[in-house]
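# Close look at the chain arrangement
Residues per chain, in single letters:
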Amino acid sequence: NGCLPIEAAVKKLDKPVIALASTDIGAYKEFDDLADLQDCRNPSDPFALHKAGLIACGLIPQQGGVSVESICACIGSGLYLNTRVIDIPKGSGLGTSSILAGAVVKALFAAADEQISDNETFSRVLCMEQLMSTGGGWQDQAGGIVPGIKLLSTRPGLTQTIHCEKCLIAEETLKELNHRFA
């Protein structure tokens, strides 16, 4: 219906905490303990994806490190990270968590006024999925982040460099496909 069903937003906070929210499930928590933020291996934790994003994007270390307060001092403020998935059922097989992870990566970099390539985004999402112990693949985030119909390919191996070739189709064909998609 013309609206994007996956959202991630980042904003600065006045107090030295990292606040994580998932508004679609009504979850919110402020973290002032670094060890709590580094614990992202429990897939049932409503903030596992958020925490993995903070680690994969280099905002917090994976292990050890200083305090949340000193991290906030380094970035110049506290941090609020919110995600929301609209009208997509969990476990739908649509790659929602991978696409949401991509949105988190893009939002964190945008909040820092830094550009990030699609391939770097894909790599960080793959890292997030490994950190969360969900072991995701490489194609879902690429399929959701790059608009349009495309052919995705990569070589075998741990390091994935995704080649994305957009498929050019006639405008009339695209209209017909859009009309038929549910």
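The structure this text deals with has already been given above.
Residues numbered from 1 in each chain as written. Predicted model: local features only at pLDDT ≥ 70, side-chain atom pairs only at ≥ 80, totals over all residues. Heavy atoms only, no water.

## Observations regarding the overall build of the chain
Where we set the bar: For helices the rule is a DSSP run of H or I covering at least 4 residues; for strands it is a run of E covering at least 2, with both sets numbered from the N terminus onward. Atoms counted for the radius of gyration: C-alpha only. Globule rule: 2.2 Å times the number of residues to the power 0.38. Exposure is judged per residue with a 1.4 Å probe applied to protein chains only, and the accessible area is read against the type maximum: over 50% gives exposed, under 20% gives buried, and values in between give partly exposed. Note on areas: Shrake-Rupley with a 1.4 Å probe; residue coverage comes only from the protein chains shown. The charge count includes Lys and Arg as positive and Asp and Glu as negative, but it does not include His or the ends of the chains. Positions of charges follow a simple convention, taking NZ of Lys, CZ of Arg, CG of Asp or CD of Glu.
The helix and strand tally for the chain stands at seven helices and six strands. Secondary structure elements of the chain, listed N to C terminal, follow the sequence β-β-β-α-α-α-β-α-α-α-β-β-α. Taken against the 2.2 N^0.38 rule, which gives 16 Å for 182 residues, the C-alpha radius of gyration of the chain at 17 Å falls within 12% of a compact globule. Counting only C-alpha atoms and orienting by the principal axes, one finds that the chain spans roughly 55 × 35 × 30 Å. For the chain, with 182 residues in total, the buried portion stands at 36%. Accessible surface, the chain as shown: approximately 10800 Å² in total, 52% of it carbon and sulfur. Of the side chains in the chain, 15 bear a positive and 21 a negative charge, and the two mean positions are spaced by 3 Å.

## Structural notes on the layout of surface pockets
Our working rule: Throughout, the protein atoms alone are placed on a 1 Å grid, and a set of points is a cavity if a 1.4 Å probe fits but cannot get out or a pocket if it is open with protein on both sides within 12 Å along at least five of seven lines; lining residues have an atom within 4 Å of a point. Grid points are joined across faces, edges and corners, and a volume is the space filled by probe spheres set on the points. Gly is placed with the polar residues, together with every amino acid not listed as nonpolar (Ala, Val, Leu, Ile, Met, Phe, Trp, Tyr, Cys and Pro) or charged (Asp, Glu, Lys and Arg).
In this structure, the largest pocket spans a volume of roughly 1400 Å³. Along its surface, the largest pocket is lined by 30 residues, and Cys3, Leu4, Pro5, Ile99 and Gly144 are the ones closest to its centre. The set of elements that each furnish at least two residues to the lining of the largest pocket consists of strand S1 (6–13), helix H4 (96–111), helix H6 (139–145), strand S5 (150–153) and helix H7 (171–180). Looking at the lining of the largest pocket element by element, the count peaks at five residues for H4. When the residues that make up the lining of the largest pocket are grouped by side-chain class, the tally is 18 nonpolar, eight polar and four charged. By volume, the second largest pocket is sized at about 630 Å³. Along the walls of the second largest pocket sit 29 residues, with Pro43, Leu49, Lys90, Ser97 and Leu100 positioned nearest its centre. Among the secondary structure elements, those contributing two or more residues to the lining of the second largest pocket are helix H2 (48–56), strand S4 (78–85) and H4. Looking at the lining of the second largest pocket, the element that brings in the most residues is H4, giving four residues. When its residues are assigned to classes, the lining of the second largest pocket shows 11 nonpolar, 13 polar and five charged.

## Observations regarding the nonpolar core
Note the cut-off: Among the buried residues, those of types Ala, Val, Leu, Ile, Met, Phe, Trp, Tyr and Cys that are joined through side-chain atoms within 4.5 Å form a nonpolar core. A contact between two residues is defined here by any heavy atoms of the two lying within 4.5 Å.
Counting residues in hydrophobic clusters, the biggest one holds 35 residues, and the most contacted among them are Ile18, Leu20, Leu37, Leu54, Ile60 and Met128. Of all the secondary-structure elements, those providing two or more residues to this core are strand S2 (18–22), strand S3 (27–31), helix H1 (34–38), H2, helix H3 (68–75), S4, H4 and helix H5 (118–131). Tallying contributions element by element places H4 first for this core, with seven residues. Apart from residues lying up to four places away in sequence, Met128 is in contact with Leu49, Ala52, Gly53, Ala56, Ala101, Val104 and Val105.

## Some words on the packing of aromatic side chains
Convention followed: Stacked, edge-to-face and tilted labels apply to pairs of Phe, Tyr and Trp rings (six-membered ring for Trp) whose centres lie within 6.5 Å, assigned for plane angles under 30 degrees, over 60, and everything in between, in that order. Geometrically, a lysine NZ or arginine CZ counts as sitting over a ring once it is within 6 Å of the ring centre and also within 35 degrees of the ring normal.
Considering all chains together, one arrives at two aromatic pairs under this definition. Look at Tyr28 and Tyr80: their rings are 6.4 Å apart centre to centre, the planes differ by 35°, and that puts the pair in the tilted class. Placement of the pair is Tyr28 in strand S3 and Tyr80 in strand S4, with a sequence separation of 52 residues. Assessed through its relative accessible area of 47%, Tyr28 is described here as partly exposed. For Tyr80, a relative accessible area of 16% gives the class buried. We note Lys11 situated over the ring of Tyr80; from NZ or CZ to the ring centre the distance is 5.0 Å.

## Side note on the pairing of S4
Heads up, the condition is: Pairing between two strands requires that DSSP report at least two bridges joining them.
For S4, the tally of buried residues reaches seven of eight residues, placing the bulk of the element in the interior. Of the strand pairs in this sheet, S2 and S4 are connected by five bridges, and their pairing is parallel. Bridge assignment links Ala21 to a residue of S4, and that residue is Asn82.

## Focus on a nonpolar patch on the surface
To keep things clear, this is the line we draw: Nonpolar side chains (Val, Leu, Ile, Met, Phe, Trp, Tyr) are joined into patches within 5 Å and like charges within 9 Å, using only residues with over 30% relative accessible area and no salt bridge. Should a side-chain nitrogen of Lys or Arg be within 4 Å of a carboxyl oxygen of Asp or Glu, the pair is scored as a salt bridge.
Taken together, the side chains of Ile149, Ile169, Leu174, Leu177 and Phe181 present a nonpolar region at the surface, about 410 Å² in accessible area. Of note, Phe181 is situated in the segment after H7. By relative accessible area, Phe181 is classed as exposed at 59%.

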